[in-house]
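Working through the structure, step by step
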Amino acid sequence: MRHVALTIREADLDEVLDRLLPIVPQGVHLHPAVDGRLELAVYGDAPARAGLEAAAGESLLSSGEAEASDDPDERRLAAIGRRPPIGGRIVVRPEGAPAPAPGLIDIVINDTGGAFGAGTHPTTVLCLEALLGLEPGGAFADLGCGTGVLAIVAGKLGWGPLIAIDHEPAALHATDANARRNGVEVDALQGDLAELPPPPAPTIAANVPLKVHENLAAQLAPESRVVLVSGIVDDHVGAVTEAYEAAGLRLVDTAVVRNWAAALLVRA
Amino acid sequence: MSSPLDVAAANAAGAGHGQLASPLPDGIALSAHKLVEEGARAQLLILPGVVRIDVRPLPDGLQVVPRPLGGTELGWEVDPTAVTDYGKTALESEMPAVTRFRLAFWGGSEPLAGRLLVGYTTDDRHGPTHFVGHAVIQQVHADR
């Protein structure tokens, strides 16, 4: 299968897509931007390379054409191998994607079972970046664990014991399987976090919806001193922060990607 | 000035994407369907000079991107009652999953309001996602 790659200025993406998407019915693959440069990949027989370059216009920095696998799964795995490490240190990948360079934290998430947490969503990425900035140690609770990726990375960074809670059985199966695959021991428990109190872990990551945060904040144990909050859009940061501040925490950092937000709160 | 609710223009702009457009009282209906590979961003619906609706299936979510066109201002919100359990395959979820959006447009020749429905399903964890899009966009009347 033909593959045309166009490297453009990241800041020009919307304008380039305005010209490109109408002439590429199958769509355009977007690879993560590096240093303000973004690669767009077009697979298949649609417009000639010259037409694609013309659509990119003055935003085009470079282009190339090559053969790619006809198998979309092979193309998917190859693309995953080109993602920059999260926070410069963590690679989350499915089995079959290229292994990262030595020295990076390599997390293989193979079993999702439909559970959230393949490592690509902004909320997951924001949480992982935030974990890299914390001093590891003591018990860690991953609330709304999905595939267990946050607990697994926490274990690799030095937290323990690790607790993971989700209301979906598929998430618990996924967390168990992924923890074993990555050589980390995680105690995965089923629970409705919209009603139950959070475990009294010193460090908590809660990648959950707004209403779940309201319950967690209301029942937060005094032993919990660091709470990493995500799963919310930026419009909800204020409400979530207020809820945790009422529990004695203070906001120390927030980050937003594509309207998804994460906030770090510590006990005052 | 041509109307932003021009059916012929919508049919021409969406022809390469299988889009159908038809007139409504004070408005227009658009529909299209498309298979999109994981990670690809593709045009699903377009109303020239007003909005393009893009979809992008991702491992951990579904991006639906209303892109305002031609200087139009856009406001939109997700209907929270819609089913949005993206990531589930046909074996794990009632299908098709559905998201719904409310749209508002201003700053162009006339204010418009719209409803958008995107249905989607996939039979394989990372296989292509089958999308169906349907939008109704109408003039805004202060007395309604």
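Before going into details, it helps to say that this report is about the structure given with it. Computed from a predicted model, the values in this text were never measured in an experiment.

Let us look at the overall build of chain A. Scanning chain A from N- to C-terminus turns up eight helices and 13 strands. The C-alpha radius of gyration of chain A comes to 21 Å, within 12% of the 18 Å expected for a compact globule of 268 residues. Referenced to the eigenvectors of the C-alpha coordinate spread, the extents of chain A come out at roughly 65 × 35 × 30 Å. Residues counted as buried form 51% of the 268 residues belonging to chain A. Long-range pairs, those at least 24 residues apart, make up 58% of the contacts in chain A with a sequence separation of at least 6. Of the roughly 11,500 Å² that chain A leaves accessible, carbon and sulfur atoms contribute 52%. Of the side-chain charges in chain A, 19 are positive and 36 negative, and the distance between the mean point of each set is 4 Å.

This part is about the overall build of chain B. Each helix and strand counted, chain B has one helix and nine strands in total. Scanning chain B from its N terminus toward the C terminus, one meets helices and strands in the order α-β-β-β-β-β-β-β-β-β. Within chain B, the fraction of its 144 residues that count as buried is 48%. Long-range contacts, defined as pairs at least 24 residues apart, comprise 45% of the intrachain contacts of chain B with a sequence gap of at least 6.

The partner chain B presents 24 residues to the 30 residues of chain A that form the contact. Across the interface of chain A and chain B, roughly 2,100 Å² is buried in total on both sides, 44% from carbon and sulfur atoms. When the area that chain A buries against chain B is broken down by residue, the three leading residues are Leu21, Pro25 and Arg76 of chain A, summing to 22%. The interface formed by chain A and chain B holds five salt bridges in total. Residue Asp14 of chain A pairs with Arg67 of chain B through a salt bridge whose shortest N-O separation is 3.8 Å.

This part takes up the pattern of salt bridges. All names here are of chain A. All told, the structure shown has 14 salt bridges over all chains when counted by the stated rule. For Asp12, the salt bridge is made with Arg9, and the minimal N-O distance between the two is 3.0 Å. Take Arg9: its relative accessible area is 36%, and that puts it in the partly exposed class. Residues Glu39 and Arg82 are paired through a salt bridge, measuring 2.7 Å at the closest nitrogen-oxygen approach. In this pair, Glu39 sits in strand S3 (residues 37-43) while Arg82 sits in the loop between helix H3 (72-80) and strand S5 (90-93), placing the two residues 43 residues apart along the sequence.

Residues and elements named next belong to chain A. By secondary structure assignment, the location of Asn182 is in the loop between helix H6 (169-181) and strand S9 (186-190). A polar contact of 2.8 Å, which involves the side chain of Asn182, links it to the backbone oxygen of Val108. Setting aside residues no more than four positions away along its own chain, Asn182 makes contact with Asp106, Ile107, Val108, Ile152 and Lys156.

Looking now at the environment of Ala164 of chain A. Residue and element names in this part refer to chain A. Relative to the helices and strands, Ala164 resides in strand S8 (residues 162-166). Judged by its relative accessible area of 0%, Ala164 is buried. Separated by 40 residues in sequence, Ala164 and Ile204 place their C-alpha atoms 9.9 Å apart. Contact partners of Ala164, with chain neighbours within four places excluded, come to Asp142, Cys145, Thr175, Val186, Asp187, Ala188 and Leu189.

Moving on to the packing of aromatic side chains. Under the criterion given, the structure shown has three aromatic pairs over all chains. Their ring planes at 55 degrees and their centres at 5.5 Å tell us that Phe140 of chain A and Trp159 of chain A sit as a pair that is tilted. Here Trp159 of chain A lies in the loop between helix H5 (149-157) and S8 and Phe140 of chain A lies in strand S7 (residues 140-143), a separation of 19 residues in the sequence. On the basis of relative accessible area, Trp159 of chain A is assigned to the buried category, the value being 4%. A centroid spacing of 5.6 Å and a plane angle of 50 degrees characterise the contact between Trp76 of chain B and Phe101 of chain B, whose relative ring orientation is tilted. Note that Trp76 of chain B is positioned in strand S6 (residues 73-78) and Phe101 of chain B in strand S7 (residues 97-106), a separation of 25 residues in sequence. By relative accessible area, Trp76 of chain B is classed as partly exposed at 41%. It is Arg75 of chain A that lies over the ring of Tyr43 of chain A; its NZ or CZ is 4.6 Å from the centre.

All right, on to the sheet that holds S3 of chain A then. Strand order across the open sheet formed by seven strands is S4(A)-S1(A)-S3(A)-S2(A)-S3(B)-S4(B)-S5(B), with antiparallel pairing between neighbours. Of all strands in the sheet, those with a lone pairing partner are strand S4 (60-67) of chain A together with strand S5 (61-68) of chain B, marking the two edges. Recorded for the sheet is a direction-independent mean angle of 25 degrees between the axes of neighbouring strands. Two strands pair when backbone bridges link them, and strand S3 (residues 40-47) of chain B and strand S4 (residues 51-58) of chain B are joined in this way by five bridges, in the antiparallel orientation. Looking at S4 of chain B, one finds that Leu47 of chain B is bridged to Val51 of chain B. In this fold helix H2 (residues 49-56) of chain A packs onto strand S1 (2-9), S3 and S4 of chain A, with an angle of close to 15 degrees to the strand it touches most, S1 of chain A.

We now examine the nonpolar core. If you look at the biggest cluster of nonpolar residues, it comprises 33 residues, and the most contacted ones within it are Ile90, Val92, Ile107, Leu128, Leu131, Val153 and Trp159 of chain A. Per element, the largest residue contribution to this core is seven residues, and it comes from H5 of chain A. For Val92 of chain A, the residues in contact, after removing those within four places along its chain, are Arg83, Ile86, Ile107, Ile109, Ala118, Gly119, Leu128 and Val149 of chain A. Of all hydrophobic cores here, the second largest spans 30 residues; its members include Leu5, Val7, Leu30 and Leu45 of chain B.

Thresholds applied
- Residues numbered from 1 in each chain as written.
- Chains lettered and ligands numbered in written order.
- Predicted model: local features only at pLDDT ≥ 70, side-chain atom pairs only at ≥ 80, totals over all residues.
- Heavy atoms only, no water.
- Helix = DSSP H or I, 4+ residues; strand = E, 2+ residues; numbered from the N terminus.
- Rg over C-alpha atoms; globule rule 2.2 N^0.38 Å.
- Buried < 20%, exposed > 50% of the residue type's maximum accessible area, 1.4 Å probe, protein only.
- Contact = heavy atoms within 4.5 Å.
- Areas by Shrake-Rupley, 256 points an atom, 1.4 Å probe, with all protein chains shown as cover.
- Lys, Arg positive; Asp, Glu negative; His and termini not counted.
- Charge placed at Lys NZ, Arg CZ, Asp CG, Glu CD.
- Buried area = accessible area lost by both parts, 1.4 Å probe.
- Salt bridge = Lys/Arg side-chain N within 4 Å of Asp/Glu carboxyl O.
- Polar contact = N/O pair within 3.5 Å; in protein donor to acceptor, adjacent residues only side chain to side chain.
- Phe/Tyr/Trp six-rings, centres within 6.5 Å; stacked < 30°, edge-to-face > 60°.
- Lys NZ or Arg CZ within 6 Å of the ring centre and 35° of its normal.
- Pairing = 2+ DSSP bridges.
- Axes fitted to C-alpha atoms, helices over the stretch in contact; angles between N-to-C directions.
- Core = buried A, V, L, I, M, F, W, Y, C linked by side-chain atoms within 4.5 Å.

No statement about biological role is implied by the geometric values presented.
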